[in-house]
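Observations on the model geometry
In case you want the letters, here they are:
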Amino acid sequence: SGLKGARRWLSLLKESNVWGIVLGRSLTDPIWWFYVFWLPAYLSEVRGFSLKEIGAFAWIPFLAADLGNFTGGFTTGFFIKRGMSVVRSRKLVCILSSIPMLAGIPAAMTHSAIAALLLISFATWGYASWSTMGLTFPSDLFPQDVVASVTGLSGLGAGLVSTGFTLFIGFIVDKFSYTPAFIAAGTVPLLATAIVLLLIHAPESTEKASTSH
C-alpha cells in the first residue's frame, strides 16, 4: 500500500494541472497574508493612523474581500450559463481578478490615506475573487478521490511561500519601504495568472461535455 501511495503521488506530480494549481495558489496566498499581517503596521507607520483609526477603518479591505468571494463565484456562474466551459470561465475570472490587485501599486504612491485604503480594498476584492477560483480548480479537474490530495499540496505550497514572503516583506520594509512590497503584491498575481493559463487544461471529456450542452 505504501508503494501504491508513492506511485499515486508521483503520478500527480507529473500533471501540469497540479502544478498550475499549486503554483497559482502559492503566488497569490502570500498577497493575502501581506495585507492581513502588514496593513495595521502600514496604516500606523506610513499613514499616521492612530490605534482608534485602525480599528475604525482597517476592516474595510477585508469586507471588500468578502464581497470578492461572492463576485468571483457569481461571475463564473454568469459565464457558464452563457455556454462557456467551467475551466475556461474560471481562467477568465482569474484574468479579470488580477487587474484589481494591481491597485496596491498606486495605493503605496498616493498622498491620500483614504485613497490608499480604498485602493487596497479594491486589491483585496480582486484577490478574494481570484482565490475563489484557485480553490475550486481541484474539484473541477480531478476525480473526487484525489481532490483532497491536490488541495493539500496547494495549501502546503501556499503556506511555505507565504511564510517566506512575510519574512521577506519584513526585510524589505526595514531596509527600504513598503512601496516595493506593494509593487510585488500587485504584480506577482499576474505571474500566477499566466501560470494558470499555461498549465491548467480541462480534461477532454469535461470540455466535450460542456460544449455539447
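Preceding this section is the structure that the text describes.
Now for a quick tour of the structure.

Reading the values: the criteria
Residues numbered from 1 in each chain as written. Predicted model: local features only at pLDDT ≥ 70, side-chain atom pairs only at ≥ 80, totals over all residues. Heavy atoms only, no water. Helix = DSSP H or I, 4+ residues; strand = E, 2+ residues; numbered from the N terminus. Expected span 1.5 Å × (residues − 1). Bend = angle between axes of the 7 residues up to and from the residue. Polar contact = N/O pair within 3.5 Å; in protein donor to acceptor, adjacent residues only side chain to side chain. Patch = residues over 30% accessible without salt bridge, like charges linked within 9 Å, V, L, I, M, F, W, Y side chains within 5 Å. Areas by Shrake-Rupley, 256 points an atom, 1.4 Å probe, with all protein chains shown as cover. Salt bridge = Lys/Arg side-chain N within 4 Å of Asp/Glu carboxyl O. Core = buried A, V, L, I, M, F, W, Y, C linked by side-chain atoms within 4.5 Å. Buried < 20%, exposed > 50% of the residue type's maximum accessible area, 1.4 Å probe, protein only. Phe/Tyr/Trp six-rings, centres within 6.5 Å; stacked < 30°, edge-to-face > 60°.

Overview of helix 8 (residues 113–141)
Residues lying three or four places apart along an α-helix face the same way, a consequence of the helix completing one turn every 3.6 residues. In a regular helix each residue adds 1.5 Å, so 29 residues correspond to 42 Å; helix 8 covers 42 Å between its end C-alpha atoms and thus fits that length. Its axis deflected by about 30° at Leu-135, helix 8 carries its strongest bend there, up to four residues before the proline Pro-138. The residue sitting at the N-terminus of helix 8 and contributing the capping side-chain oxygen is Ser-112; that oxygen lies 3.4 Å from the backbone nitrogen of Ile-114.

Regarding a nonpolar patch on the surface
Taken together, Leu-10, Leu-13, Trp-19 and Leu-23 make up a surface patch of nonpolar side chains, about 350 Å² in accessible area. Contributing elements (two or more residues each) for the nonpolar patch: helix 1 (2–13) and helix 2 (16–26). You can see Leu-13 is positioned in helix 1.

Comments concerning the nonpolar core
One recurring pattern in soluble globular proteins is that nonpolar side chains are buried together. One finds Val-18, Ile-21, Phe-137, Leu-141, Phe-142 and Ile-200 to be the most contacted residues of the largest nonpolar core, which totals 28 residues. The element best represented in this core is helix 8, accounting for six residues. If you look at the next biggest cluster of nonpolar residues, it comprises 26 residues, including Phe-34, Leu-43, Phe-49 and Ala-113.

Regarding the packing of aromatic side chains
Under the defined criterion, the tally for this structure stands at 12 aromatic pairs. Between Tyr-42 and Tyr-178, the aromatic rings sit 5.2 Å apart at their centres with planes inclined by 70°, giving edge-to-face as the arrangement. Taken together, the positions of Tyr-42 in helix 3 (residues 29–45) and Tyr-178 in the loop between helix 9 (144–175) and helix 10 (179–199) put the pair 136 residues apart, joining distant regions of the chain. Here Tyr-42 matches Tyr-178 in class, with each residue buried. Both rings, one in Phe-49 and one in Phe-57, keep their centres 6.2 Å apart while their planes meet at 75°; by these two values the pair is edge-to-face. A network of ring pairs unites the aromatic residues Phe-34, Tyr-35, Trp-38, Tyr-42, Tyr-178 and Phe-182 as a single cluster.

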